[in-house]
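A structural walkthrough
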Amino acid sequence: MASPQIEVIFDRDTSTFTYVVYAAAGSECAIIDSVLGYDPIAGHTSTALADRVIEFVRSKDLKVQWLLETHAHADHISAAPYLRQHLGGAIGIGNQIKVVQGEFKKIFNLQSEFLLDGTQFDYLFAPDEVFHIGNLRAQALHVPGHTPADMAYLVGQDVAFVGDTLFMPDLGSARCDFPGGSASSLYKSVSRLLSLPLSTRLFVCHDYPPDGRTPACEATVAEQREKNIHVRDGISEDEFIAMRNRRDATLGLPTLMLPSIQLNICAGVLPAAEDNGVRYLKIPLNIVL
């Protein structure tokens with residue numbers, strides 16, 4: 001089985017890794033967790049990072065087959081529609097996005113025409129569905145906990161893109177206090193990922209490195225099992241749930257959550273312009289998330 005090639009593009013503003021996964025130059029590829037820049041003060045978007053992805057894809061003569069989202073992100077806006085416009089490909093996410101849409105339709109008071117069936121995306125993966133990126137075998141592993149819809153994408157035999165389910169070992173795990181989140185579910189999802197072969201390379205979606213460490217995007221299953229500060233070997237589910245709940249109670253909302261999530265449950269598609277030609281986002285006031 002072919003081993004995937006991986007191009008890593010890091011967005012410092014949101015601490016997000018975008019991955020381009022492919023077999024070889026000229027092959028099909030998948031783009032995972034792309035980023036549309038957004039200035040929350042000015043309300044301006046930027047395609048600078050997405051344009052770097054486009055430049056790389058074209059430099060390798062790749063054909064975009066998939067634009068994959070590990071979940072509906074609360075910390076950055078997806079650039080998948082922009083990349084689809086320029087490169088093609090199908091926007092895919094786990095089919096439990098329908099649950100997340102239901103939670104946030106209420107919060108943002110979205111209109112009746114906003115459908116809760118995931119049809120805003122091109123493709124919804126069933127839990128553990130097998131698919132292909134060109135000649136590369138892949139599997140969409142359902143790993144809920146951070147949100148009900150989280151997916152990890154296992155590509156080939158020894159590479160997995162785990163989204164926000166795990167961070168680097170010195171940072172631990174993702175929060176579980178968003179609507180539909182569950183620390184118990186996250187523990188089970190992490191346990192599943194850490195049952196993969198010890199040499200499996202796990203690629204994270206974000207890194208917020210402590211002082212003195214440069215951003216890093218991967219660790220093996222063995223490294224996570226030995227060193228992860230939240231879920232290393234020997235930490236029980238009850239211990240993890242207690243820790244996670246204590247920690248989540250101290251966290252504020254991500255800076256870009258309100259603009260990001262209302263777009264990402266729509267596959268990153270921007271709202272239609274109003275009669276003055278301007279697009280608008282909704283920001284709910286005095287609501288507890």
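Use the structure listed above.
In short, a report on the structure. Quick caveat, the model's predicted, so the values are computed rather than measured.

As for the sheet that holds strand 2 (residues 16–22)
With respect to topology, 6 strands assemble into an open sheet ordered 1-2-3-6-7-8, the strand pairing being mixed. The sheet terminates laterally at strand 1 (5–11) and strand 8 (123–125), the two strands that pair on one side only. Recorded for the sheet is a direction-independent mean angle of 25° between the axes of neighbouring strands. Where strand 7 (residues 90–94) lies against strand 8, 3 bridges are found, and the strand directions are parallel. Residue pairing in the sheet places glycine 92 in a bridge with tyrosine 123 of strand 8. Packing of helix 2 (residues 80–87) onto the sheet brings it into contact with strand 3 (28–32), strand 6 (63–68) and strand 7, and relative to strand 6 it is tilted by some 165°.

Digging into the environment of asparagine 109
Its place among the elements puts asparagine 109 in the loop between helix 3 (97–108) and strand 8. Distance from asparagine 109 to serine 182, taken between C-alpha atoms, is 24 Å for residues 73 residues apart in sequence.

Concerning the side chain of aspartate 248
Relative to the helices and strands, aspartate 248 is located in helix 6 (residues 237–248). The class for aspartate 248 is buried, based on a relative accessible area of 5%. A polar contact of 2.9 Å, which involves the side chain of aspartate 248, links it to the backbone nitrogen of cysteine 176. Only 2.8 Å separates the side chain of aspartate 248 from the side chain of arginine 244, close enough to count as a polar contact. Excluding its chain neighbours within four sequence positions, the residues that come into contact with aspartate 248 are Arg175, Cys176 and Asp177.

Structural notes on the state of the cysteines
Scanning the entire structure with this criterion turns up 0 disulfides. Lacking any disulfide linkage, cysteine 205 is separated from the closest cysteine sulfur, that of cysteine 217, by 11 Å. By relative accessible area, cysteine 205 is classed as buried at 1%. A relative accessible area of 14% means that cysteine 217 is categorised as buried.

Rules behind the numbers
Residues numbered from 1 in each chain as written. Predicted model: local features only at pLDDT ≥ 70, side-chain atom pairs only at ≥ 80, totals over all residues. Heavy atoms only, no water. Pairing = 2+ DSSP bridges. Helix = DSSP H or I, 4+ residues; strand = E, 2+ residues; numbered from the N terminus. Axes fitted to C-alpha atoms, helices over the stretch in contact; angles between N-to-C directions. Contact = heavy atoms within 4.5 Å. Buried < 20%, exposed > 50% of the residue type's maximum accessible area, 1.4 Å probe, protein only. Polar contact = N/O pair within 3.5 Å; in protein donor to acceptor, adjacent residues only side chain to side chain. Disulfide = S-S within 2.5 Å.

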